[in-house]
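Spelled out, the chains give:
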Amino acid sequence: MPQNVESTLNTVLGQLLCSRHPRWILDQTLFIECTDIILENRAARIDLLVHPTGGQPVAVETEFKAGPQVEGEAKARLKKTMKSNGERIECAIAVAMPPELRQSQIRLEECELKYCVQQLNEHDDCVRWPDTDWLTGGVDQLTDAIEYVSLSERRLQIGVNTLESTVSTVSELLRREASESILAKIGQILHQAPSEQTVRMAVAILINAVVFHYNIEGQKGVPNAVTYGKEDFLKSNIHDTWNQILQINYWPIFSIAQEILQCIPTRLTSIVFRQISHGAEKLVSLGSSTFHDLSGRMFQTLISDRKFLATFYTLPESAKLLADLAVDRIDVDWSDGKAICDLRIADFACGTGALLSAVQREIYRRFRRTGGDDATIHQSVIEQTLIGSDIMPAATHITASMLSSPHPQVTYEASKVHTLPYGKNSRDLVSIGALDLLDGDYVPTIFNTAPQSRRMEGRQTTEEVDSNSEFKIPDGSCDLVIMNPPFTRPTNHEIANVPVPSFAGFGTTSSEQEAMSIKLKRTAPKIKKKRNGQFGNGNAGLASNFMDLAHAKLKPGGIMAMVLPFSFATGASWKNARRMLDKCYDQIRIIAISANGTEDRSFSADTGMAECLLIATKIKGKLYDKDIWGGAEFSSLPSRPTTFLEVRHCVDRIWRDQEFQDSILDAGGVGIKDKSVLETARKLRGGVLALPRIAKGIPIRMVLLGEIADRGLLGRDISGKDRGPFDVRSINEGEVPTYPILWSHNCEIERYLIVPPDKCGDVRPGFKVKADGIWKKLNGSKLHSNLDFRLNSQSLSMCMTPEPCIGGRAWPNVITRKDYEIPLLLWANSTLGLLMFWYCGTRQQQGRSVLSISRHPNLPVLDVRTLTKKQLEKCQALFDIFKERTFLPANEAYRDPVRKDLDTELFKMLALGKEMGDSLHEGLDLFRRKWCSEPSVHGGKSTHPKN
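Residues numbered from 1 in each chain as written. Predicted model: local features only at pLDDT ≥ 70, side-chain atom pairs only at ≥ 80, totals over all residues. Heavy atoms only, no water.

## Side note on the environment of Ser477
Part 1 of the argument: Its location among the elements puts Ser477 in the loop between β16 (470-472) and β17 (478-483).
Part 2 of the argument: Spatially, the C-alpha atoms of Ser477 and Lys555 are 5.4 Å apart, while their sequence positions differ by 78 residues.
Part 3 of the argument: Non-local contacts of Ser477, meaning those with residues more than four positions away in its chain, are made with Arg344, Lys553, Leu554 and Lys555. (Helix = DSSP H or I, 4+ residues; strand = E, 2+ residues; numbered from the N terminus. Contact = heavy atoms within 4.5 Å.)

This is the structure:
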């Protein structure tokens, strides 16, 4: 029987790769069995070499067997110099073809290949991915891998350094030489107060325009970029050159740059643009796609209002992860260019365009894999498919340029990227950005991507609105809404001197902030009535309002894809959002990161907080029919993916592994690493003790705390300004307080079940009746629950005070309706009690579980009502023993002898699993180690179990 040899299959593989990418052209950008390529050894033969325009060369070596031989051949290509242009090979892929391919009747495109990537890191060391084992997939997956690794991280870092250096040099010059009035004018254009960041952003926009010009020069009607330098960079030359480009279009890139250009003093134009041109040439030499990836990152660091707008940049890998998951769900024939262009995909808080750009890349990738050329659909995708809005002109500028960058030579009439009004205009009309669309299909824009758009100076309109100045998005028109919305809240609990932080961007006045907040509140009843419910909640923040916007604009069967704060999954203020998802959406998937640090659990840059990804499909047919509900699935990533190749591997694993399914209304499983821990927690909540290695579950009577106890008071109800009746102060030596208070934490004192009060309350003038009312409501309560439980430093989820005491900010009261305090105290501090507190709390930060007062009633606890008189007496005896003993921090339960003894005694008292003997305690020991190994329990502290 005839057999295939390696060289024959390499030819077939090369042809298949070319058929999957229109710009991989045989003997131009893709070479098969090539020699005379490497400068150091011209006789060396490379099986395949892909060298895409603007990307780095990728060597591909093949064998019929996975192993050290093919890996060695791939590694041998690294650090070699390309003869054609002097570039080094920084990446190689080792591919193992199945041995059956030797038989001529087997088709390569039907086979599963094994491959791994060998790549140089920033230290010039070779790094393998994956670390062990091999990736598997067909020719399509190998094509993806080559595409992903052709973007050089080394080049990206060089680009970041070049851009930062150029921006820093030029902005310093402008700030030193330009007048305050000129700097103020630049601030007006960008809708920001004059500052160093504002000038830096303006310079970055100029650089971006020059780089983009380099990318489009040579096409019909576009003047050569060298005209900048004629007569030593005269302002008039640059102005005329950009005007010629604007006659073609490219309005979003060059119009705002043109405005900034006009602000630069004529005497400074020459030196400014000499520096800009020099930096731009370096950036162009790195490749345009590289530049636009780094410019998005760079712009985000320059946005000065991030504290209030919370417009944090979605990391490229995170953007790709969410985009890939969302696009996977779009029901379209990816070989049908017209069907693709008929899609409507929106980001109403687009920032620097990371998410829209990621969606665009994924759409183009899928079209290419079917044999299509994405250049042929690019114009329609820009003009029709991709919809973006933001309140920052600089953000929409970079978004539009990023979306244009895959094919800058392709012109278009107008894109659907708009800058929306924010605050009050000259006619006292109040705007709240894209959220104005909650109450209608369109809003006016202040910066469109068409040349007819309305122009503005600051907030003063200089031209009349025309039809092209409307941002029109009818309800029920979008196939996908993908966003990383602002997280800010319209409350002032943490930020002083800011009436409404969620609307404090761009220097809005206190009256503007109040007017904007009122406008948003007035839309709530309309939304609730029109859509039979709403996602929005003021305490959850603007992100929940953007979910309402996404819901309104999605068609049935459309996909909602969001980056949300981790608190979305369990926070009380997000209850509305979870209910609406449960009622109106199917195929709900939540992805979180179970790494140690808080920042390691974020999908955005610089948030300093844990986040999660949400993907859900709007129910078709009868929108509010609960019978259609399909549950929610939760996935936990061990870490945030750091490369595009790793992202695609994560996506495949997420869809392949169901992880854990439950109702979105109870999302306690989000971010949990070990499935068995999750299973134990979930079953315990339902009244069954299911431990690892124990085949049979043990019934245990559980009840919600709200059925046997009332919740305590908020700290603001005790001492809040104009609200609480008490001034809280320290207890004087020898003083017996009239109103003792357990207000804050002291870890060392809290190692014991009994914790003394640390404050006392002085009744404010005129508040005596309210103070007495609070004391009466507490009904002699001595039991307190840990509001913000730091599991890796604190020992107790509940404690008792030696006398009735007001629970303060850290320790609110648990007001039992009968004498259940002691059994509840013992249960709460057993391993199972700690588990329930952790499971039901919000785990926004690792090593911490927050159980707000509003969530206390939903905490599952032992049903102490079922205890016999003898069992209650046993609880009292156990309390007398354990109140003198010292507990270790909760995350050390696996090695805490006191906690283990408490567990044992409670099991005996409850007669749990007595027929199982030692196996039950072995199962509990294993569970303790598993639970204490969860990153959200130990928070990276060295006291976790050493596996």
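So, next bit.
## Here's the deal with the sheet that holds β17
Part 1 of the argument: Taken together, the nine strands give an open sheet; going across it, the order is β10-β9-β8-β17-β18-β20-β19-β21-β22, and neighbouring strands pair in mixed fashion. The sheet is open, and its two edges are formed by β10 (416-419) and β22 (660-662), each paired on a single side. With direction set aside, neighbouring strand axes in the sheet form an average angle of 15°.
Part 2 of the argument: In this sheet, β22 lies alongside strand β21 (residues 632-637) in antiparallel orientation, the contact comprising three bridges. Each residue of the ladder has a partner; that of Glu633, found in β22, is Gln661.
Part 3 of the argument: Across the sheet, helix α14 (residues 354-369) is in contact with β8 (345-347), β9 (386-390) and β17; its angle to β8 comes to roughly 160°. (Pairing = 2+ DSSP bridges. Axes fitted to C-alpha atoms, helices over the stretch in contact; angles between N-to-C directions.)

## Some remarks on unusual backbone geometry
Part 1 of the argument: In this structure, the amide linkage connecting Trp129 to the following residue, Pro130, adopts the cis form with an omega of 0°.
Part 2 of the argument: Checked against the element boundaries, Pro130 lands in the loop between β6 (126-129) and β7 (135-137).
Part 3 of the argument: A positive phi angle, near 55°, is found at Asp36, a position not held by glycine.
Part 4 of the argument: Within the secondary structure layout, Asp36 lies in the loop between β1 (30-34) and β2 (46-50).

## As for the packing of helix α12 (residues 316-328) against helix α20 (residues 644-656)
Part 1 of the argument: In the contact formed by α12 and α20, the axes pass within 9 Å of each other and the chain directions differ by 40°. Considering their axes alone, α12 and α20 lie oblique with respect to each other. At the point where α12 passes α20, the crossing takes the right-handed sense. Within the contact between the two elements, α12 uses Pro316, Glu317, Lys320, Leu321, Asp324, Leu325 and Asp328 and α20 uses Phe644, Val647, Arg648, Cys650, Val651, Ile654 and Trp655. (Parallel < 35°, antiparallel > 145°, perpendicular 65-115°, else oblique. Left-handed = near helix turned anticlockwise from the far one by under 90°.)

## A short note on the nonpolar core
Part 1 of the argument: Formed by 228 residues in total, the largest nonpolar core has its most connected members in Trp242, Phe348, Met547, Phe568, Leu581, Leu614 and Trp931.
Part 2 of the argument: Considering every element that reaches this core, the biggest residue donor is helix α6 (residues 196-216), with 14 residues.
Part 3 of the argument: If we ignore the near neighbours within four places in the chain, the residues touching Trp242 are Leu206, Ala209, Val210, His213, Tyr228, Phe254, Ala257, Gln258, Leu261 and Phe273.
Part 4 of the argument: Residues Cys18, Ile32, Leu48 and Tyr148 belong to the second largest nonpolar core, which totals 32 residues. (Core = buried A, V, L, I, M, F, W, Y, C linked by side-chain atoms within 4.5 Å. Buried < 20%, exposed > 50% of the residue type's maximum accessible area, 1.4 Å probe, protein only.)

## Describing the packing of aromatic side chains
Part 1 of the argument: Scanning all chains against the criterion turns up eleven aromatic pairs.
Part 2 of the argument: Centre to centre, the rings of Tyr148 and Phe644 are 6.3 Å apart; their planes meet at 85°, and the pair counts as edge-to-face. Placement of Tyr148 in helix α3 (residues 139-149) and of Phe644 in helix α20 is noted, with a sequence separation of 496 residues between them.
Part 3 of the argument: Looking at Tyr148, the relative accessible area reads 11%, which means it is buried.
Part 4 of the argument: Seen in terms of ring centroids, Phe789 and Phe837 are 5.5 Å apart; in terms of plane orientation they differ by 80°. Their pairing is edge-to-face. Residue Phe789 is located in strand β31 (residues 788-790), and its partner Phe837 is located in helix α25 (residues 831-840); the two are separated by 48 residues in the primary sequence. Summarising the burial analysis for this pair, Phe789 and Phe837 share the class buried.
Part 5 of the argument: One aromatic cluster in this structure is built from Phe212, Trp242, Phe254 and Phe273.
Part 6 of the argument: Sitting over the ring of Trp134, Arg128 keeps its end group 5.2 Å from the ring centre.
Part 7 of the argument: The ring of Trp838 carries the charged tip of Arg843 above its face, separated from the ring centre by 4.8 Å. (Phe/Tyr/Trp six-rings, centres within 6.5 Å; stacked < 30°, edge-to-face > 60°. Lys NZ or Arg CZ within 6 Å of the ring centre and 35° of its normal.)

## Considering the environment of Arg601
Part 1 of the argument: Tracing the backbone through its elements, the reader meets Arg601 in the loop between β19 (585-593) and β20 (611-618).
Part 2 of the argument: Taking the C-alpha atoms as reference points, Arg601 and Ser639, separated by 38 residues in sequence, lie 7.4 Å from one another.

## With respect to the side chain of Thr385
Part 1 of the argument: Looking at the element boundaries, Thr385 is found in helix α15 (residues 378-385).
Part 2 of the argument: Since its relative accessible area comes to 0%, Thr385 is described here as buried.
Part 3 of the argument: Contact partners of Thr385, with chain neighbours within four places excluded, come to Ile340, Cys341, Leu343, Arg344, Ile345 and Ser380.

## Focus: the confidence of the model for the protein chain
Part 1 of the argument: A residue-level look at the protein chain finds 89% of positions with pLDDT of 70 or above and a mean pLDDT of 85.
Part 2 of the argument: Summarising per-element confidence for the protein chain, the mean pLDDT is lowest in strand β14 (residues 456-457) (31) and highest in β17 (98).
Part 3 of the argument: Considering only residues more than four positions removed or in separate chains, one finds that residues 448-468, a stretch of pLDDT under 50, has 57 contacts.
Part 4 of the argument: Here residues 489-502 scores under 50 on pLDDT; set against residues more than four positions off or in separate chains, the count is 33 contacts. (pLDDT = per-residue confidence, 0-100.)

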